[in-house]
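Each chain, letter by letter, is given below.
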Amino acid sequence: MVAAGAALADEVGLGNLTMGLLAERLGVRTPSLYKHVGGQEDLNRRIAALALREAADDIGGAVQGYAGLDALEAAARSFRAFVLEHPGRYAATIGVEPSDPDDPLATAGQQLLSAFMAVLRGYEIAEPDVDHALRMLRSLFHGFSTLQSAGGFQWSADVDESFEWLIAFADRGLRTL
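Residues numbered from 1 in each chain as written. Predicted model: local features only at pLDDT ≥ 70, side-chain atom pairs only at ≥ 80, totals over all residues. Heavy atoms only, no water.

Along its 20 residues, helix α8 (residues 130–149) runs 28 Å from first to last C-alpha, staying within 8% of the 28 Å computed at 1.5 Å per residue. Once α8 ends, the next one or two residues include G151, with phi positive near 75°. (Helix = DSSP H or I, 4+ residues; strand = E, 2+ residues; numbered from the N terminus. Expected span 1.5 Å × (residues − 1).)

If you want it as structure tokens, here you go:
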């Protein structure tokens, strides 16, 4: 059911996903969904955990065997592809916080963090700067991908060229630390 909700969120947007719409899609009555989830907020949290696990798997697989710029490029492209292919489920990950260390959101978030930590191992980044580097990468890739997904790049420059420029810029910055 969560996978169906995630797919529907990708189709209609997370803000338009409702329990009623999901029940209709699944061919059941809305009260039947409450046997599986505690309501809309619970469904959104479960979609967020699913999205984080999927993104972590995609990015972790993409960077495996690579280091430095090659790993950065693989992670960036994989992240961007995930957001563009799954805008609704990715939107569920924004602003949601784990309730405790055993929350599936915490576990999935840690998996995604580990994938980006693998990228940073290819750069000589001092321990005090690792968190800053992670936040920088997340901000760059999240910002670009969500803007592109929302149709935010309307000017004439090629979006793919801009994304490659962003990756090169991040690489130069990480190498200078």
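The subject of this paragraph is the nonpolar core. Formed by 52 residues in total, the largest nonpolar core has its most connected members in I59, L72, F116, L120, L137, F141 and L174. Top element by residues in this core is helix α4 (residues 40–63). It accounts for 11 residues. I59 has contacts with A75, S78, F79, L112, A115 and F116, leaving out every residue within four places of it along the chain. (Core = buried A, V, L, I, M, F, W, Y, C linked by side-chain atoms within 4.5 Å. Buried < 20%, exposed > 50% of the residue type's maximum accessible area, 1.4 Å probe, protein only. Contact = heavy atoms within 4.5 Å.)

The subject of this paragraph is the packing of aromatic side chains. For the structure shown, the criterion picks out 9 aromatic pairs. When the centroid spacing of 4.8 Å and the interplanar angle of 40° are considered together, the rings of F144 and F153 count as tilted. (Phe/Tyr/Trp six-rings, centres within 6.5 Å; stacked < 30°, edge-to-face > 60°.)

Where helix α7 (residues 104–120) meets α8, the axes come as close as 10 Å, and the angle between the chain directions of the two elements is 110°. Classified by the angle their axes make, α7 and α8 are roughly perpendicular. Contacts between α7 and α8 involve L113, F116, M117 and L120 from the former and V130, A133, L134, L137 and F141 from the latter. Residue composition of the contact of α7 with α8, grouped by class: 9 nonpolar, no polar and no charged. (Axes fitted to C-alpha atoms, helices over the stretch in contact; angles between N-to-C directions. Parallel < 35°, antiparallel > 145°, perpendicular 65-115°, else oblique. Nonpolar A, V, L, I, M, F, W, Y, C, P; charged D, E, K, R; others polar.)

Here we come to the environment of F82. Residue placement: F82 occurs in helix α5 (residues 68–85). Sequence separation between F82 and A56 is 26 residues; the distance between their C-alpha atoms is 10.0 Å. Setting aside its immediate chain neighbours within four residues, F82 contacts A51, E54, A55, D58, R89 and Y90.

With 18 residues, α5 extends 26 Å between its outermost C-alpha atoms, agreeing within 8% with the 26 Å of an ideal straight helix rising 1.5 Å per residue. When α5 is considered as a whole, its buried residues turn out to be G68, A71, L72, E73, A74, A75, A76, S78, F79, R80, F82 and V83. Residues of α5 that are buried in the fold lie against α4, α6 (87–92), α7, α8 and α9 (159–176).

Using the criterion set out here, one finds 8 salt bridges in the structure. Residue R80 is joined to D160 by a salt bridge in which the shortest nitrogen-to-oxygen separation is 2.7 Å. Remark: D160 occurs in helix α9 and R80 occurs in helix α5; sequence separation between them is 80 residues. Overlapping salt bridges, with partners in common, bring together D10, E54 and R89 in one network. (Salt bridge = Lys/Arg side-chain N within 4 Å of Asp/Glu carboxyl O.)

Let us look at the side chain of R89. Secondary-structure assignment places R89 in helix α6. With relative accessibility at 8%, the residue R89 sits in the buried group. At a separation of 2.7 Å, a polar atom in the side chain of R89 contacts the side chain of D10. (Polar contact = N/O pair within 3.5 Å; in protein donor to acceptor, adjacent residues only side chain to side chain.)

Structurally, G38 is set in the loop between α3 (30–33) and α4. When the C-alpha positions of G38 and L26 are compared, they lie 17 Å apart, and in sequence the two are 12 residues distant.

For the pair helix α1 (residues 2–12) and α4, interaxial distance at closest approach is 9 Å and the crossing angle is 85°. Considered as vectors, α1 and α4 are oriented roughly perpendicular to each other. Facing V2, A3, G5 and A6 of α1, the residues of α4 in contact are L43, R46, I47 and L50. Per-class residue counts for the contact of α1 with α4 are 6 nonpolar, 1 polar and 1 charged.

Just geometry here; none of it tells us what the structure is for.
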